[in-house]
Amino acid sequence: MSEGTRTGTSGTRPARSGTRPGTSGSHPGRSGSRPTERATRPSRALAAVPHLHPGAWWLWALGLGTAATRTTNPLLLALLLVTSAYVVLTCRPDTPWSRSYSAFLHLALAVLLVRLFFVVVLGSPVPGSHVIVTLPEVPLPGWAQGIRLGGRVTAEGVVFALYDGLRLATLLVCVGAANALASPSRLLKSLPGALYEAGVAVVVALTFAPHLIADVHRLRAARRLRGRPDRGLRGLLQVALPVLEGALERSVALAAAMDARGYGRTADVPARVRRTTTALTLGGLLGVCAGTYGLLTAAGGTYGLPVLLAGVVAALAGLRLGGRRSPRTRYRPDRWTPRACLVAGSGVAVAALMTLAGSADPEALQPGVIPLTAPTLPLWPAAAVLLGLLPALLPAPLPARLPVPLPKEPSS
C-alpha cells in the first residue's frame, strides 16, 4: 500500500530532466528566447574618442606664450587671451584637469592686480607728469634709498605697470590653456625613457592644481547639499582640511602605485654605453649653452648657430641612448597625426611671426607711455595671432568604431 502510493506519487510528478512547463512555450519572453533577442539586437560599438597628441597642445600654448612675451601692446595681448579662451572652450575635453583653466584666469587677474598695487604703493621708475593722486609718503631711513612708500601716483607709471602685468597674465593663461587641453598622464607617456623619472615629478606637480580644484568643487557641492555655508572665511577653513587630507591620501596612493610598478628601477647597460651617454648629454648641454651665448653676443654671431645645432643633436642622441636604462612599454602610444602637426605648427607660426614683427616694427609691439598715447592695433601681428585659432577651426576626426563580438547562443 505504502509502496504503491509512493510509486504513484513519484509517477505523477513532472520529469525534471525536461524543460519546466511554461518555460519555452507559455512564456516566450524568458530564458528560452533571451539569446535570440540579443542576437537580433544591433551590435553596440565602442566609440574611441580621438585624442590629439599632448605635445601638440603644449607647443601651441608655448607658441602663444612666446608671442605674449614679445609685446606689451594691450590690444595684441587681449587678442591672444581671446584666442586661447576660444580654443579652450571649443576643444577641451570633459575631464577633471580641463576645469583648471578658470583657476589660471583668476591667478592671472590676481597677478595683474598685485602689479598695480605695488606701483601705487611703492611707486614706479617711469617718470610722469600726469598725477592721478598723491598719497601720504612714509619717510624711510638712509639705507633704503631708492625705495619709497606713498607719494605721487602718475598715469604713466600705472599704464606701464598695466602693460607689464598684462603680459605676464597672458603668459599664465596660455600655460593654463595647455593644462586644460592636454592630458598630463598621456604627456608623461610620450616622454623619452631617459626623462621618465623627471617627467613623473613634473606631471605630478602639474596635476596638483587640477586635482585640488576638483576636490574643492566636490566638497563645496557636498556642503551646499547639507545646507552648510561654502563661502566666506568659515567655509574656506572648513573645506581646506578635507582638501589637505585628500591630497595626503592621494600622495600615499601614488607612492604605492609607483613602487608597485617599479618606478626608479633601471636595466643593466654596458659601461661603454653609459659613458657614451654621459659624454653626449653633457657635451650637448655645453654646446647649447655656448651656442645660445654666441647668438646673444655680437662677437659670437658666426659660430653661435652651428654650435647650438650641434649641441641639440648631441643632447638628443644622449637622451636616445639614455632611454635604454629605463625599460618600459607604451600601451597605445599617441601618434603625431597631420591634425596634431597643424595644431603645433599654428602655435610655432604665431611665435615666429610675432618675433619677426618685433624686429621689423618694434614701436607697434612696444607702445611707449611717454608721452602717454593710445595704443594702435598693427594688422600684420594681429593676423599672426589669429593663426592660433586654427585648432578650433579644424574639423574633428570621426571616432573609430570597434565592433563588440556578439554573445554565443547556448547549446540546447
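Up top is the structure.
Quick caveat, the model's predicted, so the values are computed rather than measured.

Scoring rules and cut-offs
Residues numbered from 1 in each chain as written. Predicted model: local features only at pLDDT ≥ 70, side-chain atom pairs only at ≥ 80, totals over all residues. Heavy atoms only, no water. Helix = DSSP H or I, 4+ residues; strand = E, 2+ residues; numbered from the N terminus. Buried < 20%, exposed > 50% of the residue type's maximum accessible area, 1.4 Å probe, protein only. Contact = heavy atoms within 4.5 Å. Areas by Shrake-Rupley, 256 points an atom, 1.4 Å probe, with all protein chains shown as cover. Salt bridge = Lys/Arg side-chain N within 4 Å of Asp/Glu carboxyl O. Phe/Tyr/Trp six-rings, centres within 6.5 Å; stacked < 30°, edge-to-face > 60°. Core = buried A, V, L, I, M, F, W, Y, C linked by side-chain atoms within 4.5 Å. Axes fitted to C-alpha atoms, helices over the stretch in contact; angles between N-to-C directions. Parallel < 35°, antiparallel > 145°, perpendicular 65-115°, else oblique. Nonpolar A, V, L, I, M, F, W, Y, C, P; charged D, E, K, R; others polar. Pairing = 2+ DSSP bridges. Patch = residues over 30% accessible without salt bridge, like charges linked within 9 Å, V, L, I, M, F, W, Y side chains within 5 Å. Left-handed = near helix turned anticlockwise from the far one by under 90°.

(A) Looking closely at the overall build of the protein chain. For the protein chain, the count of helices and strands is 16 helices and 4 strands. Counting all 412 residues of the protein chain, 30% fall into the buried class. Looking at the protein chain alone, contacts between residues at least 24 apart form 79% of all its contacts between residues at least 6 apart. Summed over all atoms, the accessible surface of the protein chain reaches about 26,400 Å², with 65% contributed by carbon and sulfur.

(B) Main features of the pattern of salt bridges. Summed over all chains, the structure comprises 2 salt bridges. Among the salt bridges present, the one from Arg115 reaches Asp164, with a minimum N-O distance of 3.4 Å. In this pair, Arg115 sits in helix H5 (residues 101-122) while Asp164 sits in helix H6 (residues 155-181), placing the two residues 49 residues apart along the sequence. Judged by relative accessible area, Arg115 falls into the partly exposed class, the value being 26%. Judged by its relative accessible area of 25%, Asp164 falls in the partly exposed class. Where Asp164 meets Arg167, a salt bridge forms, and the shortest distance between an N and an O atom there is 3.0 Å. Here Asp164 pairs with Arg167, and both are found in helix H6, just 3 residues apart, close to one helical turn.

(C) Examining the packing of aromatic side chains more closely. Scanning the entire structure with this criterion turns up 2 aromatic pairs. Measuring from centroid to centroid gives 5.9 Å for Trp57 and Trp60, while their planes differ by 85°, and the two rings are edge-to-face. Placement of the pair is Trp57 and Trp60 together in helix H3 (residues 54-69), with a separation of 3 residues, close to one helical turn. Classification of Trp60 by relative accessible area gives buried; the value is 0%. A centroid spacing of 6.0 Å and a plane angle of 70° characterise the contact between Phe117 and Phe118, whose relative ring orientation is edge-to-face. Residue Phe118 is classed as partly exposed on the basis of its relative accessible area, which comes to 43%.

(D) Layout of the side chain of Thr83. Within the secondary structure layout, Thr83 lies in helix H4 (residues 74-91). If near-sequence neighbours (up to four positions away) are discounted, Thr83 is found in contact with Val385, Gly388 and Leu389.

(E) The arrangement of the nonpolar core in detail. Membership of the largest hydrophobic core comes to 39 residues, with the highest contact counts inside it found for Trp57, Trp60, Leu80, Val87 and Val343. Beyond its immediate stretch of four places on either side in the chain, Trp57 contacts Leu52, Val87, Cys91, Ala178, Leu181, Ala182, Val343 and Pro391.

(F) Structural view of unusual backbone geometry. Cis geometry is found at the peptide bond from Ile370 to Pro371, where omega equals 0°. Within the element layout of this structure, Pro371 appears in the loop between helix H14 (362-365) and helix H15 (379-386).

(G) Up close: the environment of Ala61. Relative to the elements of secondary structure, Ala61 occurs in helix H3. A relative accessible area of 2% means that Ala61 is categorised as buried. Separated by 23 residues in sequence, Ala61 and Ser84 have C-alpha atoms that sit 8.0 Å apart. Once residues lying within four places of it in the same chain are set aside, the contact partners of Ala61 are Cys174 and Ala178.

(H) Expanded view of the packing of H3 against H6. Between H3 and H6, the least distance of the axes is 9 Å, while the angle of their chain directions is 175°. Our classification of the angle between H3 and H6 gives roughly antiparallel. Counted together, Trp57, Trp58, Trp60, Ala61, Leu64, Gly65, Ala68 and Thr69 of H3 and Arg167, Thr170, Leu171, Cys174, Val175, Ala177, Ala178, Asn179 and Leu181 of H6 form the full contact between these two elements. Tallied by class, the residues present in the contact of H3 with H6 amount to 12 nonpolar, 4 polar and 1 charged.

(I) Quick peek at the pairing of strand E2 (residues 131-138). Within E2, only 0 of the 8 residues are buried, which leaves it mostly out in the open. Of the pairings in the sheet, the one linking E2 to strand E3 (residues 149-154) comprises 5 bridges and is antiparallel in character. Considered in E3, the bridge of Thr134 is made with Arg152.

(J) Structural view of a nonpolar patch on the surface. The grouping of Val114, Phe117, Phe118, Leu122, Val138, Leu140 and Ile147 at the surface amounts to a nonpolar patch, some 620 Å² of accessible area in total. With 4 residues, H5 is the single largest residue contributor to the nonpolar patch. Here Phe118 lies in helix H5.

(K) How the structure looks around the packing of H3 against H4. At a minimum axis distance of 10 Å, the contact between H3 and H4 shows a crossing angle of 165°. The orientation of H3 relative to H4 falls into the category roughly antiparallel. Between H3 and H4 lies a crossing whose hand is left-handed. When H3 is examined against H4, the residues Trp57, Trp60, Leu64, Ala67 and Ala68 are found in contact with a partner set consisting of Leu77, Leu80, Ser84, Val87 and Cys91. Each residue belonging to the contact of H3 with H4 can be placed in one class, and the counts come to 9 nonpolar, 1 polar and no charged.

Just geometry here; none of it tells us what the structure is for.
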